[in-house]
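# Survey of secondary and tertiary structure
Each chain, letter by letter, is given below.
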Amino acid sequence: MVDDTKENKNICIDCQTRLNTLLHNKEFSEAERGLLNRPRRVITFMVPVRMDDGSVKNFDGYRVQYSDARGPGKGGLRFHPDVELEEVKNLAFLMSLKCALVDIPFGGAKGGVAVNPKELSVGEIERLSRSLMRELAPFIGERVDIPAPDVNTNATIMGYMVDEYAKIKGQFIPGVITGKPLSLGGSKGRGEATSLGGAHVLKAYLEAQNINLKGLKVAVQGLGNVGYNIVKILHDWGAVVVAVSDSKRALYKADGLPIDTIFSDEKLADTFTDKSISEITNTELLILPVDVLIPAAISHQITKDNVNQIQAKIILEMANDPITTEADPVLEKLGIVVIPDILANSGGVLVSYFEWIQNSSNDYWTLEKVHKELELKMKQVMNEVLAHCKVGDSSHLRTLSYRLALKRIIEAERARGRV
Ligand code: NAD
């Protein structure tokens, strides 16, 4: 039954809203349409941590295994004070679609702990990571559900977690988690994978439209792993990056920022000698008249409140879910092309998949091989989505990508005989 009330607490409201517009009655049965509006498994738990002062604090943890139709769960673990179940469900749903769209043999999952890691010492973060793994261990595994880094978690934390898992199981099983340090079975090229993948997707899109990337004006919101690397890559490839921002500041220069000088240790430098660089707000960055706008920070940045002011021609969604479901149809009406998150930022999970293959085979790839396979796959997926577009109309890449992914998931559900 398609349940459109909120009485069933397992339902993911945002996922259901999307599904209602994506899955048509004629194509899918009622059971099939109802299948993906809630996760298969939701795990909520307590993560106790011994603090430096000897006290014990308990944090709330979540893992949502949204779909297992196409394979084991796959998705990040984040440490952030705003982590809450409904958002984790939505992100796990998006992971399921992403893995299906890129056609890798994974379902989708996501998890996190509601904690502000900036308030914890290095030792407390290690104990938090190990405690999290003790809570998760009964529910994950290299053929069950494979976590990875996400917001505020990184290779070091994955290293603690794979070590804790080894202690619990009595053997080293690197394939249980991806995004690990190289010395523990991580893959070369994982650090820049998401950004490089996004850059290839953008390039493939532009090539299909006969547009040259060189000289295009680009604005990037967010300068973490994803934002910083994509700024560097697109600048190297000849795009003109006119604006960048982190959570505190945004910089703008109409004829292109001097990318080689504005960073110090991968962060925005405090001062600049170039006086033509102006400080703007993050709100202003989003509505600049650029060719390509790249949200690469957090969710829900383009909303019903600012969508009518957007002047970019193309939005490359490197962050997960940066455009709200209310703003999305407005962009389509305005003719602004959105390259959706599940396509644009799928390079990260793709290289995670490469890492998992390398762990299973014990055959480790060169950086050249990782980059080559990433480029091939990203171009292939972009072109596959474009092949479903009507000639000259790419205003609804999200709908096409989501539908392609959903069809693959439902096909696997049918093959399992579950619907
Ligand atoms: P990160 O934590 O390394 O960086 C986030 C950046 O966003 C920081 O520069 C921060 O200052 C900035 N930021 C935070 N709040 C902001 C705000 N209100 N306005 C402007 N900037 C703000 O995270 P990341 O790994 O770079 O991930 C960024 C986004 O990409 C997230 O949505 C994440 O889910 C998504 N993503 C990341 C990966 C990956 O491999 N890292 C893969 C897929 C999707």
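The structure we're discussing is the one just above.
Residue indices follow the written sequence of each chain, beginning from 1 at its first position. Confidence filtering applies because this is a predicted model: local features only for residues at pLDDT of at least 70, side-chain atom pairs given and counted only at 80 or more, and all residues used for totals across whole chains, interfaces and linings. To obtain the side-chain values, all non-hydrogen atoms of the structure were included, while hydrogens and water were left out.

### Looking at the pattern of salt bridges
The term salt bridge refers to a pairing of a side-chain nitrogen on Lys or Arg with a carboxyl oxygen on Asp or Glu at a separation within 4 Å. A full pass over the atoms with the stated rule returns 32 salt bridges. Glu27 serves as the salt-bridge partner of Lys407, at 3.3 Å between the closest nitrogen and oxygen. With a gap of 380 residues between them, Lys407 in helix α14 (residues 397-416) and Glu27 in the loop between α1 (13-22) and α2 (30-35) connect regions that are remote in the sequence. We note a salt bridge from Glu317 to Arg398, for which the minimum N-O separation is 2.9 Å. Taken together, the residues span a long stretch of sequence, with Glu317 in the loop between β13 (314-316) and α10 (328-334) and Arg398 in helix α14 at a distance of 81 residues. Arg398 matches Glu317 in its accessibility class, with the two residues each being buried. If you follow the salt bridges from partner to partner, you end up with Glu126, Arg130, Arg134, Asp163, Glu164 and Lys167 in one network. Put simply, DSSP marks the helices as runs of H or I at least four residues long and the strands as runs of E at least two long, and each gets a number from the N terminus on. Each residue is placed in one exposure class: buried if its accessible area under a 1.4 Å probe, protein chains only, is under 20% of its type's maximum, exposed if it is over 50%, and partly exposed if it falls in between.

### Re the packing of aromatic side chains
For this analysis, a ring pair means two rings from Phe, Tyr or Trp (six-membered ring only for Trp) whose centres lie within 6.5 Å, classed as stacked if their planes differ by under 30 degrees, edge-to-face if by over 60, and tilted for the remaining angles. Applying the stated criterion to the full structure yields seven aromatic pairs. For the pair Phe106 and Trp356, a centre-to-centre distance of 4.9 Å together with 70° between the ring planes defines the contact as edge-to-face. Taken together, the residues span a long stretch of sequence, with Phe106 in the loop between α3 (85-101) and β4 (108-113) and Trp356 in helix α12 (residues 347-361) at a distance of 250 residues. Owing to a relative accessible area of 0%, Phe106 belongs among the buried residues under this scheme. The buried category is assigned to Trp356, whose relative accessible area is 9%. Distance and angle both matter: a charge sits over a ring if NZ of Lys or CZ of Arg is within 6 Å of the ring centre and within 35 degrees of the ring normal. It is Lys203 that lies over the ring of Trp237; its NZ or CZ is 5.3 Å from the centre. Positioned above the aromatic ring of Trp365, the side-chain terminus of Lys369 is 4.5 Å from the ring centre.

### Looking at the sheet that holds strand β3 (residues 73-79)
Reading across from one edge, β1-β2-β4-β3-β5 is the order of the five strands in this open sheet, with mixed pairing throughout. With one partner strand each, in any of the chains shown, β1 (41-50) and β5 (145-149) form the two edges of the open sheet. Averaged over all pairs of adjacent strands, the angle between their axes in this sheet comes to 20°, without regard to strand direction. When DSSP finds two or more bridges between a pair of strands, those strands are recorded as paired. As defined by bridge partners, β3 adjoins β4 across three bridges and the pair is classed as parallel. Paired with Phe79 across the two strands is Val113, which belongs to β4. The strands touched by α3 within the sheet are β1, β2 (56-67), β3 and β4, with β2 carrying the most contacts at an inclination of about 35°. In this analysis an axis means a line fitted to C-alpha atoms, helices contributing only their contacting stretch, and an angle means the value between N-to-C directions, from 0 to 180 degrees. We call two residues in contact whenever any of their non-hydrogen atoms come within 4.5 Å of each other.

### A word on the site of the ligand
Neighbouring the ligand are 19 residues; Thr194, Leu223, Val226, Ser247 and Asn320 lie closest to it. Between the ligand and Arg190 there is a distance of 3.5 Å, counted from an oxygen atom to a side-chain nitrogen or oxygen. Under this definition, polar contacts are N or O atom pairs within 3.5 Å; protein pairs additionally need one hydrogen-donor-capable and one acceptor-capable atom, and for neighbouring residues in sequence, both atoms have to be side-chain atoms. The contact in question runs from an oxygen atom of the ligand to an N or O atom on the backbone of Asn225, over 3.1 Å. We get accessible surface area from the Shrake-Rupley algorithm with a probe of 1.4 Å; when it comes to residues, only the shown protein chains can shield them. Bound to the protein, the ligand loses 78% of the 830 Å² it would expose on its own. Among the elements of the structure, α6 (190-208) and α7 (225-236) are those that each provide at least two residues to the shell around the ligand. Residues are counted as near a molecule or strand when any one of their heavy atoms sits within 4 Å of it.

### A short note on the pairing of strand β12 (residues 292-295)
Residue alternation in β12 divides its side chains into two sets, Val292 and Ile294 and Leu293 and Pro295, and both sets are buried. Pairing analysis gives four bridges linking strand β6 (residues 217-221) to β12, with the strands arranged parallel. Among the inter-strand pairings, Ala219 is bridged to a residue of β12, identified as Leu293. Judged from the two bridges that link them, β12 and β13 form a sheet pairing that is parallel. Within the sheet, the bridge partner assigned to Leu293 lies in β13 and is Ile315.

### So, the sheet that holds strand β8 (residues 250-252)
On the basis of which strands lie adjacent, the open sheet formed by seven strands has the order β11-β8-β7-β6-β12-β13-β14 and mixed pairing. Looking at strand neighbours, the two that pair on one side only are β11 (278-280) and β14 (337-339), the edges of this open sheet. Neighbour to neighbour, the strand axes of the sheet diverge by 25° on average, direction disregarded. Against the sheet, α6 makes contact with β12, β13 and β14, and its axis sits at roughly 155° relative to β13, the strand it touches most. Against the sheet, α7 makes contact with β6, β7 (240-245), β12 and β13, and its axis sits at roughly 165° relative to β6, the strand it touches most.

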